[in-house]
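A structural walkthrough
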Amino acid sequence: MDTANVRADDRIYAAAERFVVHVIDDDESFRTSLLRLFRSKNIQAVGYATLAEFRRADVDATPGCLLLDLCLPDGDGLEMFERLMGDDSVLPVVFISAYADIPISVRVMKSGALDILTKPVRGELLLETIEQARKVALRRYAARNQVRDLLDRYGTLTDRERAVFAGVAEGKLNKQVAVEVGACERTIKSERARMMKKLQLTRLVDVVRAAEMVGLKLSFDDGPTTERQP
């Protein structure tokens, strides 16, 4: 049994249990009705009357989605969403508004929102949309954590092991890497094994993918040029 996959599945299941819907809407009665609907379906939900309230919240600790009104008293919901996209946020966003015309709807969807719903929205449709958002959120959350875990492991590599990692990712043989770093082939073979163990990798295809995830720019001529810092 692949214990790494089992642990990953366990983490995804645990994350699903912590999924949170963040509702930003200044209409208190509407916001309260949404929170009651979600909680009646055992969906965790938190309400915010303003964008400022939401910005103060810790929304990255658990997977979730954002149910966002377009017009808010302290700002434009669409502008905030576009900033979130620029920050590489993993929160899928569903807009809900009574004032969504066709140009706005087109702009919202082109910006990468999951959907836009018009008030008043049917409870059944809203729940179906939130279920779609949950699936997207869990995928994004798992992918982000996978990158973070890999970066932590990458940070434990020595400079020599990083050079070996880059060389292996570029498809170079141990003797080629040995020449490049000024070591004997036997040493490179040992460091390659340690590198693979530290990064929890077993296949060459996994090494290439891991190199891309940590930000290495691979080259088959000049070698890697930059890397993301762990």
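Because the structure is a prediction, the values reported are computed rather than measured.

**Notes on the overall build of the protein**
- Broken down by element type, the protein carries 10 helices and seven strands.
- Residues counted as buried form 39% of the 230 residues belonging to the protein.
- Contacts in the protein between residues far apart in sequence, at least 24 positions, make up 64% of those at least 6 positions apart.
- By element, 51% of the accessible surface of the protein is carried by carbon and sulfur atoms, the whole surface being about 13200 Å².

**Examining the packing of helix H7 (residues 159–169) against helix H10 (residues 204–214)**
- Where H7 meets H10, the closest approach of the two axes is 8 Å, and the angle between their N-to-C directions is 115°. The way H7 lies across H10 gives a crossing that is left-handed. Contacts between H7 and H10 involve Phe165, Val168 and Ala169 from the former and Leu204, Val207, Val208, Ala210, Ala211 and Val214 from the latter.
- Its residues placed into classes, the contact of H7 with H10 shows nine nonpolar, no polar and no charged.

**Overview of the confidence of the model for the protein**
- Averaged over every residue, the pLDDT of the protein is 84; the share at 70 or more is 85%.
- Counting contacts from residues 1–6, a segment whose pLDDT is below 50, to residues more than four positions away or on other chains yields one contact.
- Confidence over residues 222–230 falls short of pLDDT 50; this stretch has 27 contacts with residues more than four positions distant or in other chains.

**Topic: the sheet that holds strand E1 (residues 20–24)**
- Pairing is parallel across the open sheet formed by five strands, whose spatial order is E2-E1-E3-E6-E7. Bordering the open sheet on either side are strand E2 (44–48) and strand E7 (115–118), each of which pairs with just one other strand. In this sheet, adjacent strand axes meet at a mean angle of 20° when their direction is disregarded.
- Where strand E6 (residues 93–97) and E7 come together, four bridges link them in parallel fashion. Bridged to Val94 within E7 is Asp115.

**Observations concerning the packing of helix H6 (residues 123–154) against H10**
- It is the contact of H6 with H10, at a shortest axis distance of 10 Å, that shows an interaxial angle of 95°. By the criterion of interaxial angle, the relationship of H6 to H10 is roughly perpendicular. Contacts between H6 and H10 involve Gln146, Val147, Leu150, Leu151 and Tyr154 on the former and, on the latter, Arg209, Ala210, Met213 and Val214.
- Looking at side-chain class alone, the contact of H6 with H10 contains seven nonpolar, one polar and one charged residues.

**Section: helix H2 (residues 28–40)**
- With 13 residues, H2 ought to run about 18 Å at 1.5 Å a step, and its terminal C-alpha atoms sit 18 Å apart, in line with that.
- Taken as a whole, H2 has its buried residues at Phe30, Arg31, Leu34, Leu35 and Phe38. Across the axial projection of H2, the buried residues extend over an arc of 135°, all falling on one side. Looking at H2, the residues exposed on the side facing more than 90 degrees away from the buried face are Glu28, Ser29, Arg36 and Ser40.
- Buried residues along H2 sit against E1, E2, strand E3 (64–69), E6 and H6.
- Positive backbone phi, approximately 60°, marks Asn42, located one or two places after H2.

**Some thoughts on the side chain of Lys119**
- Topologically, Lys119 is positioned in the loop between E7 and H6.
- In terms of polar contacts, Lys119 uses its side chain to reach the side chain of Asp25, at 2.7 Å.
- Once residues lying within four places of it in the same chain are set aside, the contact partners of Lys119 are Asp25, Phe30, Asp69, Ile96, Ser97 and Ala98.

**Some details on the nonpolar core**
- Phe165, Met195 and Leu199 are the most contacted members of the largest nonpolar core, which totals 22 residues.
- With near-sequence residues (within four places) excluded, Phe165 lies in contact with Tyr154, Leu157, Met195, Leu199, Leu201, Val207, Ala210, Ala211, Val214 and Leu216.

Reading the values: the criteria
- Residues numbered from 1 in each chain as written.
- Predicted model: local features only at pLDDT ≥ 70, side-chain atom pairs only at ≥ 80, totals over all residues.
- Heavy atoms only, no water.
- Helix = DSSP H or I, 4+ residues; strand = E, 2+ residues; numbered from the N terminus.
- Buried < 20%, exposed > 50% of the residue type's maximum accessible area, 1.4 Å probe, protein only.
- Contact = heavy atoms within 4.5 Å.
- Areas by Shrake-Rupley, 256 points an atom, 1.4 Å probe, with all protein chains shown as cover.
- Axes fitted to C-alpha atoms, helices over the stretch in contact; angles between N-to-C directions.
- Left-handed = near helix turned anticlockwise from the far one by under 90°.
- Nonpolar A, V, L, I, M, F, W, Y, C, P; charged D, E, K, R; others polar.
- pLDDT = per-residue confidence, 0-100.
- Pairing = 2+ DSSP bridges.
- Parallel < 35°, antiparallel > 145°, perpendicular 65-115°, else oblique.
- Expected span 1.5 Å × (residues − 1).
- Arc of directions from axis to C-beta.
- Polar contact = N/O pair within 3.5 Å; in protein donor to acceptor, adjacent residues only side chain to side chain.
- Core = buried A, V, L, I, M, F, W, Y, C linked by side-chain atoms within 4.5 Å.

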